Amino acid sequence: MKALRPISIAAAMLLLATGASAQLSLTPSPPNPFPKPLEPEKPKPRPKPAAAPADKDHAKKTTADKAGAAKPGAAPESSDAVDPDDPNVDLVYGAYQRGFYKTAFDLALKRAQELNDPKAMTMLGELYANALGIRRDYDKAVEWYRRAADLGDREAMFALAMARMAGRGGGPANREEAAKWLASSAKLGEPRAAYNLALLYLDGQTFPQDIKRSAELLRVAADAGNPEAQYALATFYKEGTGVEKNVEQSVRLLQAAAVAGNVPAEVEYAIALYNGTGTVKNEPAAVALLRKAARANNPIAQNRLAHVLFSGQGAPRDPVEAIKWHLVAKTAGKGDLMLDEAQAQLSPEERARAQEAAKKWVGGK
């Protein structure tokens, strides 16, 4: 029985993983589990439970709103889309969530000016930064993020850090200022900030390199459910970098990240399942995950799936489908001499079918 080789994962310039007990000879270049700091997600005020509609007409309107919420860029609705007299409704977030961006802007501006509400300020930064209900203006976005951050809003701190990292608002990029806000946001429990701060401790440019501190921050973000952090921390446990080596813990983190939809984690977890490394062997589940990741256009998953389908070990043998995925992966630079030889074994008709299927896949991407 052949074993699928785990992906060789690099953590910046630090980590170089090796395949464990693998029989496949190739080690395709992996995606980097430690990318540049993430683009800021949309910082939103936390929603509060909505109160029951005041009357039948309002109830009908609410139902209609839910059925056809406006998409980004759609014409904004008027402020009567929500009930401004209901004290139990987070009006700003409610309007934002339903796509009524102009309404959200008007309500947030009023709340920020009259109540000095940091969540409303964060929302204003979000709307300005993403041109939702208002013309995009990074300077104003950063101004509102900064005001909310000064009042202790962790989401504003994170958004401000990412804006300053990218050089948006307030002059050129400033990693030191960004790092300060990331640290403040992470201290208040923002998982995205903890993850990005971990990257800074890992690369050793903004701070002195501190692998253990990086691992600690990754653990904070991973425990909060951040899939990128879960995947990164899995790499640490797999290699024993910054933590004690623990293959079982690595696989548990890979599983969590895979469930959350992290594609590289899906591939690594699939390989662990296929080989029974750190978990119970489950080839059908492994192949299902490889198919999912291959369809998400991950070339390593495509390569591994091609091996499985050509050998028939873990899935019904399908050499045409195998070579299709091999050719697709090859277009992404993931060549494989073994599969090249397998392709040569096909009949001319089978090769033509595989090539046509690969062409359709690549052309449709």
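Above this text sits the structure in question.
Values in this document were obtained by computation on a predicted structure and should not be read as measured data.

Definitions and limits used
- Residues numbered from 1 in each chain as written.
- Predicted model: local features only at pLDDT ≥ 70, side-chain atom pairs only at ≥ 80, totals over all residues.
- Heavy atoms only, no water.
- Helix = DSSP H or I, 4+ residues; strand = E, 2+ residues; numbered from the N terminus.
- Buried < 20%, exposed > 50% of the residue type's maximum accessible area, 1.4 Å probe, protein only.
- Contact = heavy atoms within 4.5 Å.
- Areas by Shrake-Rupley, 256 points an atom, 1.4 Å probe, with all protein chains shown as cover.
- Core = buried A, V, L, I, M, F, W, Y, C linked by side-chain atoms within 4.5 Å.
- Phe/Tyr/Trp six-rings, centres within 6.5 Å; stacked < 30°, edge-to-face > 60°.
- Lys NZ or Arg CZ within 6 Å of the ring centre and 35° of its normal.

Trainee: I'd love a proper account of the overall build of the protein, names of residues and values included.
Mentor: A count of helical and extended segments in the protein gives 17 helices and zero strands. Of all 365 residues assigned to the protein, the portion counted as buried reaches 47%. Considering only contacts in the protein between residues 6 or more positions apart, those separated by 24 or more positions represent 54%. Total accessible area on the protein stands at roughly 17500 Å², and carbon and sulfur atoms take up 51% of it.

Trainee: Please set out the nonpolar core residue by residue, giving values where relevant.
Mentor: By size, the foremost hydrophobic cluster in this structure holds 102 residues, and its most contacted members are Leu127, Leu182, Leu197, Leu218, Phe236 and Trp325. Leave out the neighbours within four places in its chain, and Leu197 touches Ala179, Leu182, Ala183, Ala186, Phe207 and Leu217.

Trainee: Report on the packing of aromatic side chains, specifying residues and quantitative values.
Mentor: This structure, assessed with the given rule, holds four aromatic pairs. Between Phe105 and Tyr128, the ring centres sit 5.5 Å apart and the planes meet at 85 degrees, which makes this aromatic pair edge-to-face. Remark: Tyr128 occurs in helix H4 (residues 118-130) and Phe105 occurs in helix H3 (residues 101-115); sequence separation between them is 23 residues. You can call Phe105 buried: its relative accessible area is 8%. Aromatic side chains Tyr201 and Phe207 sit 4.5 Å apart centroid to centroid with 15 degrees between the ring planes, which places their arrangement in the stacked category. Pair check on accessibility: Tyr201 and Phe207 agree, each one buried. Between the NZ or CZ atom of Arg317 and the centre of the ring of Phe310, over which it lies, the distance is 4.7 Å.

Trainee: An account of the side chain of Ser185 is needed here, citing residue identities and associated values.
Mentor: Tracing the sequence through the fold places Ser185 in helix H7 (residues 175-187). Given the relative accessible area of 0%, Ser185 is considered buried. Setting aside residues up to four positions removed in sequence, Ser185 forms contacts with Arg154, Met157, Phe158, Glu190 and Ala193.

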